[in-house]
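What follows is each chain in one-letter form.
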Amino acid sequence: MSTPKRVIALGFFDGVHKGHGALLRTVAQAADRLGAMPCAFTFDRSPTAAITGQAVPLLSSVEDRVWLMRRYYGIEEVIVAPFDGMQKMDWQDFVSEYLQKELGAVHVVAGHDFHFGYMGKGNPQRLQEKCRELGRKLAAW
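These notes cover the structure that comes with them. Computed from a predicted model, the values in this text were never measured in an experiment. (Residues numbered from 1 in each chain as written. Predicted model: local features only at pLDDT ≥ 70, side-chain atom pairs only at ≥ 80, totals over all residues. Heavy atoms only, no water.)

Here's the deal with the packing of aromatic side chains
The final tally for this structure, using the stated rule, is 9 aromatic pairs. For the pair W91 and F116, a centre-to-centre distance of 6.4 Å together with 75° between the ring planes defines the contact as edge-to-face. In this pair, W91 sits in helix 5 (residues 91–102) while F116 sits in the loop between strand 4 (105–110) and helix 6 (124–133), placing the two residues 25 residues apart along the sequence. When its relative accessible area of 12% is taken as the criterion, W91 is described as buried. Under the relative-accessibility criterion, F116 is labelled buried at 4%. Relative to Y98, the ring of F94 lies with its centre 5.7 Å away and its plane at 25°, an arrangement referred to as stacked. With a gap of 4 residues between them, F94 and Y98 both fall in helix 5, about one helical turn apart. The buried category is assigned to F94, whose relative accessible area is 4%. Among the aromatic residues, those joined into a ring-pair cluster are F41, F43, F83, W91, F94, Y98, F114 and F116. The ring of F12 carries the charged tip of R65 above its face, separated from the ring centre by 4.2 Å. For R71, the ring lying beneath its charged end belongs to Y72, and the centroid distance is 5.1 Å. (Phe/Tyr/Trp six-rings, centres within 6.5 Å; stacked < 30°, edge-to-face > 60°. Helix = DSSP H or I, 4+ residues; strand = E, 2+ residues; numbered from the N terminus. Buried < 20%, exposed > 50% of the residue type's maximum accessible area, 1.4 Å probe, protein only. Lys NZ or Arg CZ within 6 Å of the ring centre and 35° of its normal.)

Take a look at the structure:
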């Protein structure tokens, strides 16, 4: 069984506000253009809360975020990953092994302040460079 082509928005998306909406619309448009599935990647819990150990008030639950993204922005699939496992993954492995190989990402969209991977070493600039190296596209906001 082959992995479907996906265009993936990366982020936590708490509240799914207008800025998130612009990013998600970009994903839907790119997916349509590339014949791929519009997707979003998010975590099961707040990265800030997981890292600091402090309670972080959230605007929306995971279920609400998924519903909002599907209902208002045409996102067909929302991948909810466990933050505890993902925070230890090397940022390069996240891009090449997880996004590209496991999820079939052909285009990735991330906000200007998105950080990922072990110790938050992945950032939009590194993501863009790695995507280019892998022949993938990136739109950063």
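Picking up where we left off.
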